[in-house]
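Chain by chain, the residues run as shown.
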Amino acid sequence: MSESRISLTINGAIGQLRIARPEKLNALDADMVDDLAARCREIEHCEDIRVVVLSGEGKAFSAGGDIEAWSAESPERFGRHWIRDGHAAFDALARLRQPVIAVLDGHALGGGLELAACADIRIAEEQVKIGQPESGLGIVPGWSGTQRAVRRFGAQTVRRMALFGEVLAAEEALKLGIVDQVVPAGDGPAAAMELAQSVLGRGSRATELVKMSINAAEGEERERVLEAFSGALAAGTDELAEGRAAFREGRKPDFGKRKA
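Residues numbered from 1 in each chain as written. Predicted model: local features only at pLDDT ≥ 70, side-chain atom pairs only at ≥ 80, totals over all residues. Heavy atoms only, no water.

I'm lost on the environment of Ile83 in this one. Help?
Checked against the element boundaries, Ile83 lands in helix 3 (residues 75-94). Placed 58 residues apart in sequence, Ile83 and Pro141 show a C-alpha to C-alpha distance of 9.5 Å. (Helix = DSSP H or I, 4+ residues; strand = E, 2+ residues; numbered from the N terminus.)

What follows is the structure, given as structure tokens:
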């Protein structure tokens with residue numbers, strides 16, 4: 001694994017997830033996609049992390065998928081692995097139980113915008129450009145740029161970028177709801193940390209449940225959220241204790257014994 005290119009640093013209750021491939025404008029290759037999925041698993045299971053700040057190193061937030069990497073794949077491997085592995089990693093990011101703040105301190109293009117779309121809120125520095133150039137390269141957005149991006153930014157906004165190649169400045173992206181805040185160049189990290197601190201002042205379990213509920217309402221992970229809520233509720237009852245005891249003792253459970 002190339003841990004140095006997708007790093008996770010824990011600063012108190014804040015997880016700082018950073019893309020570090022500045023010489024390639026933080027373009028993602030297959031190893032980095034795998035690393036992203038692995039870092040998300042770490043975050044999901046870390047009880048200390050309550051909010052995540054996602055950023056890129058250098059001049060770009062992310063230029064998206066590495067063209068040299070994906071164009072070398074056969075059509076079969078491209079569809080089976082590049083697209084599906086990317087979806088798995090990006091879904092893991094979007095479905096983290098912790099709120100995610102993306103700092104667009106450089107351009108977010110193609111897969112970079114799809115990555116930013118996984119966050120709950122996006123802070124853009126004023127110099128940033130945002131777009132979906134894929135069709136100009138003869139390819140389609142492959143990491144939910146026509147799905148999650150439509151749900152979160154609206155179909156017409158995605159049409160402007162993906163069909164007509166419009167590249168948006170930060171202020172225009174703010175008006176369209178692609179980003180939630182625009183700050184001067186260099187101020188993105190500080191603005192994100194301030195926002196992260198505001199999350200830490202709220203109930204941790206309530207914040208987690210609210211995020212999962214919003215995701216479900218948006219269609220992000222409705223089935224998993226429903227079963228997670230139901231499972232947690234069932235696990236908190238005395239029926240589970242009786243069921244486990246009956247299993248261990250080799251008898252039929254008597255759920256009539258449960259407390260009111």
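Whenever I open this one, helix 11 (residues 238-249) confuses me. Can you help?
Residues separated by three or four positions in an α-helix point in the same direction, a consequence of the helix having 3.6 residues per turn. Helix length check: helix 11, at twelve residues, gives a terminal C-alpha distance of 17 Å against a target of 16 Å (1.5 Å per residue), a fit within 8%. Of all the residues in helix 11, the buried ones are Glu242, Ala245 and Ala246. Buried residues in helix 11, looked at end-on, bunch into an arc of 100 degrees, giving them a common side. Turned more than 90 degrees away from the buried face of helix 11, the exposed residues are Phe247 and Arg248. Phi turns positive, to about 70 degrees, at Gly250, one or two residues after helix 11. (Expected span 1.5 Å × (residues − 1). Buried < 20%, exposed > 50% of the residue type's maximum accessible area, 1.4 Å probe, protein only. Arc of directions from axis to C-beta.)

So what exactly am I meant to see when it comes to the packing of helix 1 (residues 30-45) against helix 3 here?
If you want to describe how two helices pack, look at the angle between their axes and the distance between the axes. Direction vectors running N to C along helix 1 and helix 3 enclose 30 degrees, while the axes themselves pass 8 Å from each other. Classified by the interaxial angle, the pair formed by helix 1 and helix 3 is roughly parallel. For the element pair helix 1 and helix 3, the recorded crossing hand is left-handed. Residues Ala30, Val33, Leu36, Ala37 and Cys40 of helix 1 form the contact with helix 3, whose own contacting residues are Trp82, Asp85, Gly86, Ala89, Phe90, Ala92 and Leu93. For the contact of helix 1 with helix 3, the class distribution of residues is ten nonpolar, one polar and one charged. (Axes fitted to C-alpha atoms, helices over the stretch in contact; angles between N-to-C directions. Parallel < 35°, antiparallel > 145°, perpendicular 65-115°, else oblique. Left-handed = near helix turned anticlockwise from the far one by under 90°. Contact = heavy atoms within 4.5 Å. Nonpolar A, V, L, I, M, F, W, Y, C, P; charged D, E, K, R; others polar.)

Would you take a moment to explain the packing of helix 9 (residues 204-218) against helix 10 (residues 222-235) for this structure?
Direction vectors running N to C along helix 9 and helix 10 enclose 140 degrees, while the axes themselves pass 8 Å from each other. By the criterion of interaxial angle, the relationship of helix 9 to helix 10 is oblique. Like other packed secondary-structure pairs, helix 9 and helix 10 cross with a definite hand, here left-handed. Along its contact with helix 9, which presents Leu209, Met212, Ser213, Ala216 and Ala217, the element helix 10 presents Arg222, Val225, Ala228 and Phe229. Looking at the contact of helix 9 with helix 10 residue by residue, the classes come out as seven nonpolar, one polar and one charged.

Hey, could you run me through the pattern of salt bridges in this one?
Pairing between side chains of opposite charge can happen when their charged atoms approach one another. Per the stated rule, a full pass over the model turns up 18 salt bridges. Residues Lys211 and Asp120 are paired through a salt bridge, measuring 2.8 Å at the closest nitrogen-oxygen approach. Linking Lys211 in helix 9 with Asp120 in the loop between helix 4 (111-117) and strand 7 (121-125), this pair joins segments that are 91 residues apart in sequence. On the basis of relative accessible area, Lys211 is assigned to the buried category, the value being 5%. Its relative accessible area of 34% is what places Asp120 among the partly exposed residues. Of the charged contacts, one joins Glu172 and Arg160 as a salt bridge, the two residues approaching to 3.4 Å between their closest N and O atoms. Taken together, the residues span a long stretch of sequence, with Glu172 in helix 7 (residues 170-175) and Arg160 in helix 6 (residues 155-162) at a distance of twelve residues. Look at Glu172 and you get partly exposed, because its relative accessible area is 26%. (Salt bridge = Lys/Arg side-chain N within 4 Å of Asp/Glu carboxyl O.)

Explanation requested: the sheet that holds strand 2 (residues 14-19) in the structure shown.
Across a sheet, paired strands are connected by hydrogen bonds in the backbone, their directions being either parallel or antiparallel. As summarised here, the arrangement of the six strands in space is 1-2-3-5-7-10, forming an open sheet in which the pairing is mixed. In the strand order of this sheet, the two ends are held by strand 1 (6-11) and strand 10 (181-183), each with one partner. Mean inter-strand twist for the sheet, computed between neighbouring axes without regard to direction, equals 20 degrees. Packing against the sheet, helix 1 makes contact with strand 1, strand 2 and strand 3 (51-56), and its axis sits at approximately 20 degrees to strand 1. Running over the sheet, helix 8 (residues 188-200) touches strand 1, strand 2, strand 3, strand 5 (100-104), strand 7 and strand 10 and is turned about 155 degrees from strand 7. (Pairing = 2+ DSSP bridges.)

I'm lost on the nonpolar core in this one. Help?
Note that soluble globular proteins tend to have their nonpolar side chains buried in a common cluster. Judged by nonpolar contacts, the single largest core of 47 residues is most densely connected at Leu93, Leu104, Ile130 and Ile178. Listed in part, the eleven residues of the second largest apolar core include Val53, Val103, Ala192 and Val199. (Core = buried A, V, L, I, M, F, W, Y, C linked by side-chain atoms within 4.5 Å.)

Hey, could you run me through the pairing of strand 7 in this one?
Looking along a regular strand, one sees side chains alternate from face to face of the sheet. Most of strand 7 is tucked away, with four of its five residues classed as buried. Examined bridge by bridge, strand 5 and strand 7 share four bridges and lie parallel to one another. Across the sheet, residue Ala102 finds its bridge partner in strand 7, namely Arg122. As paired elements, strand 7 and strand 10 share three bridges and run parallel to each other.

Any chance you could explain helix 3 here in plain terms?
The end-to-end C-alpha distance of helix 3 is 27 Å, a good match for the 28 Å that 20 residues give at a rise of 1.5 Å each. Turning to helix 3, its buried residues are Phe78, Trp82, Ile83, Gly86, Ala89, Phe90, Asp91, Leu93 and Ala94.

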